[in-house]
Amino acid sequence: MTTSRAKQAVERFALRGLTGLPEVVQRRIGRPVVRDTQTLADDVRLMLALQRVAREPAVETMPIPEGRLALARQTALIAGDDPVAEVRDLQVAGMAARLYVPSQRRGAGSHPTLLFFHGGGFVYGDLESHDAPCRLLASEAGVRVLAVDYRLAPEHRFPAAHDDALAAYRWLLDHAAEVGADTARLAVGGDSAGGNLAAATALTAAQEGLPLALQLLIYPGTDALRDTESLRLFGDGFYLTQGFIDLAAECYYPQLSDDERRDPRLSPAYADLGAEVAGRLAPVFLCTAGFDPLRDEGEAYARRLEEAGVAVELRRFEDQIHGFLNMTGAGRTPRAAVVEIAHRLEARLA
């Protein structure tokens, strides 16, 4: 075993061991973290503490290629490996993609399907970084999950990722039979930047009268202007930092004016929600994390949609941080949150 692999094995063992301790033991290690009347989950608190002790560098402090490798390694440490009936690699509108087929939805016919866009600030992430949550969503929700590897910045700047997401959605409508998707039970979803892409795709679907049954938006970025209390409260020390957010902006939409940042393809919060569009917009299940810089903009978007007459279910996981979707293999509370999301997805697409 190489030195780097040995180190990763030790880190994985320590992480799983610490976050797997009984809750009563975890509570006795260190002090609780309380902010904005919320208490951080003990297993998540210990995960962050272990990261500090290990002196794990923040990916935004590295050159982009090195940061991508570091994020991939960090994600692997916390990833689960839930079984599904089939995993199939394919091409979607010229992009690499991966289809997850749960045992409940195996065989011929059409099935409820989630078109999934990964997070990573439009700069990081790929099919591998979000393999674990896609597996868990497919398995627990009993829906097919089609994940798409869209173009990343800074190599490909705005609106490249948006255009790819929309192209993937149009491809799925045209090739539904090839992946066993039922277009009457079709959802778009994603986390963070992926939630942004899903929201913008849903807006276009509503404008054009295209079929869509649900938006699954997990701590989405919705407002590129970002003047929120949650950003000031949680912009340091809770995994997603102000520095990471600034780097994402510099890479994906550099030199855009404030007015240009209000483009709904980048900031769904500023979309025109007239009666016709709002009446066609797919229902929304929007999740936020209590200790997340993006919390307030996500919840503000949910309120704006609801005020326009869109069916919205908002769920704040108060004790979680940004990125909990990827933590399916470390700790109890992040995985429980993802399982809850999967069950809501199942109910909405039943």
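Residues numbered from 1 in each chain as written. Predicted model: local features only at pLDDT ≥ 70, side-chain atom pairs only at ≥ 80, totals over all residues. Heavy atoms only, no water.

J.: So what exactly am I meant to see when it comes to the overall build of the protein here?
T.: Helix and strand content of the protein: 14 helices and 10 strands. Since a compact globule built from 350 residues should have a radius of gyration of about 20 Å, the 19 Å found for the protein is in line with a globular shape. For the C-alpha atoms alone, the extent of the protein along its principal axes is close to 55 × 50 × 40 Å. Put simply, the protein has 350 residues, and 56% of those count as buried. Once local pairs closer than 6 in sequence are excluded, the contacts in the protein between residues at least 24 apart make up 79%. The centroid of the 38 positive side-chain charges in the protein is displaced by 5 Å from the centroid of its 48 negative side-chain charges. (Helix = DSSP H or I, 4+ residues; strand = E, 2+ residues; numbered from the N terminus. Rg over C-alpha atoms; globule rule 2.2 N^0.38 Å. Buried < 20%, exposed > 50% of the residue type's maximum accessible area, 1.4 Å probe, protein only. Contact = heavy atoms within 4.5 Å. Lys, Arg positive; Asp, Glu negative; His and termini not counted. Charge placed at Lys NZ, Arg CZ, Asp CG, Glu CD.)

J.: Help me out: how do you make sense of the pattern of salt bridges in this one?
T.: Two side chains carrying opposite charge are able to pair once their charged atoms lie near each other. Going through the model one piece at a time under the given rule, you end up with 24 salt bridges. Among the salt bridges present, the one from Arg-98 reaches Asp-131, with a minimum N-O distance of 3.3 Å. With Arg-98 in strand S4 (residues 95-101) and Asp-131 in helix H5 (residues 131-141), this residue pair connects regions lying 33 residues apart in the sequence. For the pair Arg-98 and Asp-131, a shared accessibility class is recorded, and that class is buried. A salt bridge links Arg-170 to Glu-208, with the nearest nitrogen and oxygen atoms 2.9 Å apart. (Salt bridge = Lys/Arg side-chain N within 4 Å of Asp/Glu carboxyl O.)

J.: What is the right way to look at the environment of Ile-321 in this model?
T.: Looking at the secondary structure, you find Ile-321 in strand S10 (residues 312-321). Put simply, Ile-321 and Tyr-239 are 82 residues apart on the chain and 7.2 Å apart in space, counted from C-alpha to C-alpha.

J.: Any chance you could explain the environment of Arg-144 here in plain terms?
T.: As for its position among the elements, Arg-144 is in strand S6 (residues 144-148). Its relative accessible area of 5% is what places Arg-144 among the buried residues. Expressed as a C-alpha distance, the spacing of Arg-144 and Cys-134, which sit 10 residues apart in the sequence, is 9.3 Å. A distance of 2.8 Å separates a polar side-chain atom of Arg-144 from the backbone oxygen of Val-179. (Polar contact = N/O pair within 3.5 Å; in protein donor to acceptor, adjacent residues only side chain to side chain.)

J.: Explanation requested: the nonpolar core in the structure shown.
T.: Generally speaking, a soluble globular protein has its nonpolar side chains buried in company with each other. Counting 71 residues, the largest nonpolar core has Leu-115, Phe-117, Leu-146 and Tyr-169 as the members making the most contacts within it. Excluding anything up to four places from it in sequence, Phe-117 contacts Val-148, Tyr-150, Ala-165, Ala-168, Gly-189, Gly-190, Asp-191, Gly-194, Leu-197, Ala-198 and Thr-201. If you look at the next biggest cluster of nonpolar residues, it comprises 45 residues, including Val-143, Ala-187, Phe-324 and Leu-325. (Core = buried A, V, L, I, M, F, W, Y, C linked by side-chain atoms within 4.5 Å.)

J.: Just to check I follow, could you spell out the packing of aromatic side chains for this structure?
T.: One pair of aromatic rings is described through two measures. These are the centre distance and the angle between the planes. Counted under the stated rule, the structure contains 9 aromatic pairs. For the pair Phe-158 and Tyr-252, a centre-to-centre distance of 5.8 Å together with 85° between the ring planes defines the contact as edge-to-face. Linking Phe-158 in the loop between S6 and helix H6 (160-174) with Tyr-252 in helix H10 (residues 242-252), this pair joins segments that are 94 residues apart in sequence. Chaining the aromatic ring pairs together yields one cluster made of Phe-122, Phe-158, Tyr-252 and Tyr-253. Seen from the ring of Tyr-270, Arg-262 lies directly overhead, with NZ or CZ sitting 5.6 Å from the centre. (Phe/Tyr/Trp six-rings, centres within 6.5 Å; stacked < 30°, edge-to-face > 60°. Lys NZ or Arg CZ within 6 Å of the ring centre and 35° of its normal.)

J.: When you look at the sheet that holds strand S7 (residues 181-191) in this model, what are you seeing that I'm missing?
T.: Adjacent strands of a sheet pair through backbone hydrogen bonds, lying either parallel or antiparallel. Taken in spatial order, the 8 strands of this open sheet run S3-S4-S6-S5-S7-S8-S9-S10, and their pairing is mixed. At either end of the open sheet lies a strand with only one pairing partner, and these are strand S3 (86-92) and S10. Strand-to-strand, the axes of this sheet are offset by a mean angle of 20°, without reference to chain direction. Sheet topology note: the S4/S6 ladder contains 4 bridges and is antiparallel. Residue pairing for S6: Ala-97 is matched across the bridge by Val-148. Relative to the sheet, H5 contacts S3, S4, strand S5 (111-117) and S6, its axis offset from that of S4 by approximately 35°. (Pairing = 2+ DSSP bridges. Axes fitted to C-alpha atoms, helices over the stretch in contact; angles between N-to-C directions.)

J.: Would you mind going over unusual backbone geometry with me for this structure?
T.: With glycine set apart, most residues show a phi of negative sign, and most peptide bonds adopt trans. Across the junction of Ala-153 and Pro-154, the peptide omega takes the value 5°, indicating a cis bond. Here Pro-154 lies in the loop between S6 and H6.

J.: What should I look at first to understand the packing of H6 against helix H8 (residues 193-208) in this one?
T.: In helix packing, the relevant descriptors are the interaxial angle and the interaxial distance, both defined with respect to the helix axes. Axis separation between H6 and H8 bottoms out at 9 Å; the angle between their running directions is 55°. As the angle between them shows, H6 and H8 are arranged oblique. The two elements H6 and H8 cross, and the hand of that crossing is right-handed. Here Ala-161, His-162, Ala-165, Leu-166, Tyr-169 and Arg-170 of H6 come into contact with H8, specifically with Leu-197, Ala-200, Thr-201, Thr-204, Ala-205 and Glu-208. Taken together, the residues of the contact of H6 with H8 break down into 7 nonpolar, 3 polar and 2 charged. (Parallel < 35°, antiparallel > 145°, perpendicular 65-115°, else oblique. Left-handed = near helix turned anticlockwise from the far one by under 90°. Nonpolar A, V, L, I, M, F, W, Y, C, P; charged D, E, K, R; others polar.)

J.: Help me understand the pairing of S4 in this model?
T.: Where a strand is regular, its side chains alternate between the two sheet faces. Burial within S4 is extensive, with 6 of its 7 residues counted as buried. In the sheet, S3 pairs with S4 via 7 bridges, with the strands oriented antiparallel. In the sheet register, Leu-90 faces S4, and the bridge partner there is Ala-97. The loop that links S3 with its antiparallel partner S4 comprises 2 residues; one of these, Ala-93, has a positive phi angle of about 50°.

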